[in-house]
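Examining the three-dimensional arrangement
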Amino acid sequence: MTFSEIARISDDTERVSAVYDIFNEEKRLASKSAQVEFLTTIRIISRYLKPGSKILDLGAGTGAYSLYLAKAGHSLSAVDLVEKHVLSIRQKIAEQPDLDILALQGTALDLSAFAAGSFDLVLCLGPLYHLDSRQSQQRCLEEIRRVCKPDGHIACAFINNDMVIATESLRYNSSFLLEDSYDHSTFKVEDFPFVFHTVEACRVVLREGGLRILTEAASDGLSELMAEKINSLDDASWERWLQYHFYTCEKPEFLGSSNHLLFVCANDK
Ligand SMILES: C[S@@+](CC[C@H](N)C(=O)[O-])C[C@H]1O[C@@H](n2cnc3c(N)ncnc32)[C@H](O)[C@@H]1O
């Protein structure tokens, strides 16, 4: 199926599932360059965790964060819209039955499976780059706020519109700048197969959702643009690169130079 055929599918689950028939989520975080996003996110959210925290991983993909956090001793509920992602998490749980993880297929727009105030931390590292209307984004944040404890925390990831122009044109598609998949005067990229936000647009979505932003981070920085270079680093140099990335990723002047953005918010506005 082509992207334009997928874009015409009206059912959310079928459309998102078709997107992930093209993008292999199982392999997304496998390379050195992609691990930067994972390790940065873990490093930042860990500041907000206590031993045995109750965590909801919404848009859990194939479970990279859920498995890691459950191994660190936390209690996880993993929810994803795509059935094959949930089945992959369940298979991993079956291989490690001591882990405290519940994996459910479901949507971020309806968390009625969970009581109010259930979680210390809610991860929303994916749904906000698939929900394409302001109404659905706000519905998602409303549900997250309800299931999060009043003194709990909420971590949201977005894809950064302004960096996508650089990575698409310089890494993936040398004709991209001349094509029509973005507005040539505003540089707003077409919201499919993912939904793209500028840094300021992310802040507006979160504030309108009643969240108080505590931390903002360039979670992968230059990693996607420079993936080939980063992947060719030896282990010692990559470790240094990672330390350099940690040093820069919360500096406001680096925030916009990142494909993924991470915001950790309080639920107590
Ligand atoms: C790029 S993946 C990210 C997976 C993982 N959270 C990570 O950061 O590696 C985005 C995930 O969000 C899921 N997703 C998209 N829309 C969703 C929704 N409305 N409710 C629940 N999950 C959703 C997709 O199925 C996909 O697995």
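Keep in mind the model is a prediction, meaning the values are calculated, not measured.

Another aspect to go through is unusual backbone geometry. Note on backbone geometry: most residues besides glycine have negative phi, and most peptide bonds are trans. Along the chain, Phe192 connects to Pro193 via a cis peptide bond; the corresponding omega equals 10°. With respect to the element layout, Pro193 can be found in the loop between helix H7 (161–172) and strand E6 (196–197). One non-glycine residue, Phe187, adopts positive backbone phi at about 65°. Inspection of the secondary structure puts Phe187 in the loop between H7 and E6. Given a relative accessible area of 40%, Phe187 falls into the partly exposed group.

So, on to the site of the ligand. Neighbouring residues of the ligand: 22 residues in total, closest Arg28, Gly59, Asp80, Ala108 and Leu125. The backbone of Leu81 places a nitrogen or oxygen atom 3.4 Å from a nitrogen atom of the ligand. At 2.8 Å, a backbone N or O of Ala108 approaches a nitrogen atom of the ligand. Isolated, the ligand exposes 590 Å² of accessible area, and the fraction of that covered by the protein chains is 97%.

The rules behind each value
Residues numbered from 1 in each chain as written. Predicted model: local features only at pLDDT ≥ 70, side-chain atom pairs only at ≥ 80, totals over all residues. Heavy atoms only, no water. Helix = DSSP H or I, 4+ residues; strand = E, 2+ residues; numbered from the N terminus. Buried < 20%, exposed > 50% of the residue type's maximum accessible area, 1.4 Å probe, protein only. Near = heavy atom within 4 Å. Polar contact = N/O pair within 3.5 Å; in protein donor to acceptor, adjacent residues only side chain to side chain. Areas by Shrake-Rupley, 256 points an atom, 1.4 Å probe, with all protein chains shown as cover.

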